[in-house]
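Observations on chain architecture
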Amino acid sequence: MAEKSDFKIWEVFIRSKNGLSHKHVGSLHAPDADMAISNARDVYCRRSEGVSIWVVPSEQITATSPDEKEPLFTPSDDKIYRHPTFYEIPDEVGHM
Amino acid sequence: MGEEYSLEDRFQQYVEAENKVEPKDWMPEKYRQTVIRQMSQHAHSEVIGMQPEANWITRAPSLRSKLILLAKVQDEAGHGLYLYSATETLGITRDELINQLQTGKAKYSSIFNYPTVTWADMGAVGWLVDGAAIQNQVMLCRTSYGPYARAMVKICKEESFHQRQGYEIMMRLAAGTKEQKAMAQDALNRWWWPSLMMFGPSDDNSPNSAQSMKWRIKRKSNDTLRQEFVDKTVPQAEFIGLTIPDPDLKWNEERKSYDFGEMNWDEFYAVVKGNGPCNKQRIINHIKAHEEGAWVREAANAYAKKQQARKKQSAA
Amino acid sequence: MSFKGGWLNITEQKISEKEALLQYVLRLADDALILGQRLSEWCSKGPVLEQDIAMSNMALDHIGRARLLYQMAAEIKGDGTTEDDFAYKRDTNEFKNFLLLEQPNGHWGDTIAKLVFYDTLNYFLFEKLTESANENLAGIAQKAIKEITYHAQWSAEWMIRLGDGTEESKQKMQKSIDDIWMWVGEMFETDQVEEMMAVASIGYKTADLKDAWQSKINQVMEMATLTLPTDTWAQTGGRKGVHSEHLGYILAEMQFLPRAYPDAKW
């Protein structure tokens, strides 16, 4: 009987207003995408938090592993020349 | 062995520096267990807490109060869901969590094992129970486990209307007819002590507390939170002319805080162990809804599977 | 198919247009309140937390719409009657909701069946009411139609899921439809109030929405692999204030506090 009564997990992303990106807000359980969208509206937009919703099955997300944090992300730490403050421009030049 | 020790050590330094722990980061197994236990207990409390309030939705005395109460209980469901979803990031399924609740392995806040017998209880629950919960939740917005902290931020934002809703009910009753005022006082009498006990045993008797504080899961001790709650709530009761049912309650000028009487811990432990007026009823109702919904969930899954197969077929 | 009338034979007395408008608005309000009250009973009992939330959302929409309509009725009546007086101080014979809506929730499929039949009609009706010659009513309808569109879609989707789900759910859903069917036909009756409102372009005759309703329902039934009963005998009386036994209990529960404490303000 209880072959599989638990629904699939979906990650929910909401654009709170035009001009902003969709932002991860949490997850929920739903049997299919239509229901996931409709639940996301009921669960995460009870206070007009959104103008657009994305739902993605959690299992479809490929993520970096925390073990790879150092090789992936520390190399950019020393590339300080990518940041504007690296360059000394005389104040007289004005805003650049 | 030595390496394990150093990982734990690094973890400790990491959380002490106010860094957040994210789902796939390394964490001590005991930390994971503690966070799961606490978050799921919190989620279950939101969900079981729907029952005593849903009890009055159909009897709310005005359309306005009916809408507000329904919206509030719906929020609790939403908060339960945020918290289940945060707990699931640690690799436990909602099915397992619900199973733990229904078999009594997981606890929920004992306060919900008391009955809501009059409309004033909707006021007292909102004002006192949500008030005590918020005290705790504000602290948890800074908890070390990232998904928990994020869920709490959202919950705190939404809960802010709950306590005000409860207080408004009390305020109206206290300013109403003689019967209404008596109803409000009676509710305060019944809910005051159980609300204070929501913060848990006093610090000397709370063995898990110290470790949770060390890991920055909990940020304040039970007694500190309880004292803050009393100090905030007493003037609110006075303002609407209700009396806190504690003869030992008095302002301590030295501590700039209220001294208050001893709680009945025998009752507390009896209710925690299952002997409150509503423990059985709450779980029976939860199991009933879950079991009666099984065929619905199965059907929805079966339909989703069929739809997917159809899509594949038409794409082929 | 067309429904045959029920067992009631009450002669109607001539009424003024103002009275007709009041009656018309009140019946729409009663539909919304009684359904909202029923759906709110689902709170904490849903098959899964997400659906519990969805159902509460709908109950909120219906009760919210009831309030707006009662407020409008209060204004029409103009004698100091309030929205709560309508909800809390009238007896069963004064409530004019469809009998369908006061039927018990039953299981999830029973509620879905009730909703599909009502939501679909409500959708077509409120679509028309957005253009009502009465500005107040049109305004309420313009707000409500967005909610109702969602309701109709949601309940139809659930019926399809349950009908085309498992063997068990199909049987259950079919039985739900068969069981609720005799309460459906009443929704297409016409009476003096509705006639008058239709003539004044304020309201709309549900009988004229029957074809649109039927074709939408047929479509949902087909997708759900379910069949509509062919029986055409319908229970009637809701619009005349003659109800099933259930409404009395709904009111006893809903109205308990204001009745027990008549002097109290909440």
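Residues numbered from 1 in each chain as written. Chains lettered and ligands numbered in written order. Predicted model: local features only at pLDDT ≥ 70, side-chain atom pairs only at ≥ 80, totals over all residues. Heavy atoms only, no water.

1. Quick word on the overall build of chain A
In plain terms, the rule: Helix and strand assignments come from DSSP, with helices taken as H or I runs of at least 4 residues and strands as E runs of at least 2, each series counted from the N terminus. Our radius of gyration is a C-alpha quantity, and the globule rule it is checked against amounts to 2.2 Å times the number of residues to the power 0.38. When a residue's accessible area, from a 1.4 Å probe over protein chains only, is under 20% of the maximum for its type it is buried; when over 50% it is exposed; and in between it is partly exposed. Note on definitions: a residue-residue contact is assigned when non-hydrogen atoms from the two residues lie within 4.5 Å. Every accessible area reported is derived by Shrake-Rupley at a probe size of 1.4 Å, with residue values counting cover from the shown protein chains alone. Counting rule applied: Lys, Arg positive; Asp, Glu negative; His and chain ends not counted. Here the site of a charge means NZ on Lys, CZ on Arg, CG on Asp, or CD on Glu.
Looking only at helices and strands, one finds two helices and three strands in chain A. Counting helices and strands in the order they occur from the N terminus, chain A gives β-β-α-β-α. Against the globule reference of 12 Å for 96 residues, chain A gives a C-alpha radius of gyration of 21 Å, more extended than a compact globule. Along the longest, intermediate and shortest principal axes, the C-alpha atoms of chain A span 75 × 35 × 15 Å. Counting the 96 residues in chain A, one finds 29% classified as buried. The contacts in chain A between residues at least 6 apart in sequence include a share of 43% that link residues at least 24 apart. Total accessible area on chain A stands at roughly 6,800 Å², and carbon and sulfur atoms take up 54% of it. If you average the places of the 11 positive and of the 16 negative side-chain charges in chain A, the two averages end up 8 Å apart.

2. Side note on the side chain of B:Asn252
Residues and elements named next belong to chain B. We count it as follows: Counted as a polar contact is a pair of N or O atoms within 3.5 Å, where, for protein atoms, one must be capable of donating a hydrogen and the other of accepting one, and residues adjacent in sequence contribute only when both atoms are in side chains.
Positionally, Asn252 belongs in strand S1 (residues 250–252). Judged by relative accessible area, Asn252 falls into the buried class, the value being 18%. In terms of polar contacts, Asn252 uses its side chain to reach the side chain of Asp259, at 3.1 Å. With near-sequence residues (within four places) excluded, Asn252 lies in contact with Ser257, Tyr258 and Asp259.

3. Remarks on the pattern of salt bridges
Stated precisely, the cut-off is as follows: When a carboxyl oxygen of Asp or Glu is within 4 Å of a side-chain nitrogen of Lys or Arg, the pair counts as a salt bridge.
Scanning the entire structure with this criterion turns up 37 salt bridges over all chains. A salt bridge links B:Asp75 to A:Arg46; the nearest nitrogen and oxygen atoms lie 2.8 Å apart. You can see B:Asp75 sitting in helix H4 (residues 63–88) and its partner A:Arg46 sitting in the loop between helix H1 (33–44) and strand S3 (52–57), one on each of two chains. A relative accessible area of 2% means that B:Asp75 is categorised as buried.

4. Some details on the environment of B:Cys141
All names here are of chain B. Among the secondary structure elements, Cys141 is positioned in the loop between helix H6 (120–140) and helix H7 (146–174). Considered as a pair, Cys141 and Ile244 are 103 residues apart in the sequence and their alpha carbons are 29 Å apart. Excluding its chain neighbours within four sequence positions, the residues that come into contact with Cys141 are Ala149, Met152, Val153 and Cys156.

5. Considerations on the packing of H4(B) against helix H5 (residues 94–102) of chain B
All names here are of chain B. For clarity, the cut-off: Whenever a helix is involved, its axis is fitted only over the stretch in contact; in every case the axis is a line through C-alpha atoms, and angles between N-to-C directions fall within 0 to 180 degrees. Angle categories: roughly parallel below 35 degrees, roughly antiparallel above 145, roughly perpendicular from 65 to 115, and oblique for all the rest. Crossings are classed by handedness, with left-handed meaning an anticlockwise turn of the near helix from the far one by less than a right angle and right-handed meaning a clockwise turn. When residue character is reported, Ala, Val, Leu, Ile, Met, Phe, Trp, Tyr, Cys and Pro are called nonpolar, Asp, Glu, Lys and Arg charged, and the others, Gly included, polar.
Between H4 and H5, the shortest axis-to-axis distance is 10 Å and the interhelical angle comes to 115°. With respect to H5, the element H4 is oriented roughly perpendicular. Between H4 and H5 the crossing geometry is right-handed. From H4, Leu81, Tyr84, Thr87 and Glu88 reach across to H5, where they touch Arg94, Leu97 and Ile98. Here the contact of H4 with H5 is built from residues that sort into four nonpolar, one polar and two charged.

6. As for the packing of helix H13 (residues 294–315) of chain B against helix H6 (residues 135–163) of chain C
Two numbers describe how H13(B) lies on H6(C): the axes approach to 8 Å, and their chain directions differ by 85°. As judged from the angle between their axes, H13(B) and H6(C) are roughly perpendicular. For the pair H13(B) and H6(C), contact is made by B:Trp295, B:Val296, B:Ala299, B:Ala300 and B:Tyr303 and by C:Trp158, C:Ile160, C:Arg161 and C:Leu162, respectively. Taken together, the residues that form the contact of H13(B) with H6(C) break down as eight nonpolar, no polar and one charged.

7. Here we look at helix H9 (residues 210–223) of chain C
All names here are of chain C. Convention followed: Any helix carries an expected span of 1.5 Å times its number of residues minus one. Starting at the helix axis, one direction is taken to each C-beta atom, and the arc is that of these directions.
For H9, with 14 residues, the first-to-last C-alpha span of 20 Å sits near the 20 Å given by 1.5 Å per residue. Taken together, the buried positions of H9 are Lys210, Trp213, Gln214, Ile217, Val220 and Met221. Down the axis of H9, the sector holding all buried residues measures 130°, keeping them to one side. The exposed residues of H9 that point more than 90 degrees off its buried face are Asp211 and Glu222. In this structure, the buried residues of H9 make contact with helix H5 (108–129), H6 and helix H7 (167–180). Phi turns positive, to about 55°, at Thr225, one or two residues after H9.

8. Description of the interface of chain A and chain C
Counted only if it meets this: By buried area we mean the combined loss of accessible area, with a 1.4 Å probe, across both parts when two parts are placed together.
At the interface, 13 residues of chain A touch twelve residues of chain C. Interface of chain A and chain C: buried area, both sides summed, is about 1,100 Å²; carbon and sulfur atoms make up 53% of it. In terms of surface lost to chain C, no three residues of chain A exceed A:Met35, A:Arg41 and A:Asp42, which account for 43% of the buried area on that side. Among the secondary structure elements, those contributing two or more residues to the side of chain A that touches chain C are strand S2 (23–30) and H1 of chain A. Residue contributions to the side of chain A that touches chain C peak at seven residues, all from H1(A). Split by residue class, the side of chain A that touches chain C holds six nonpolar, three polar and four charged.

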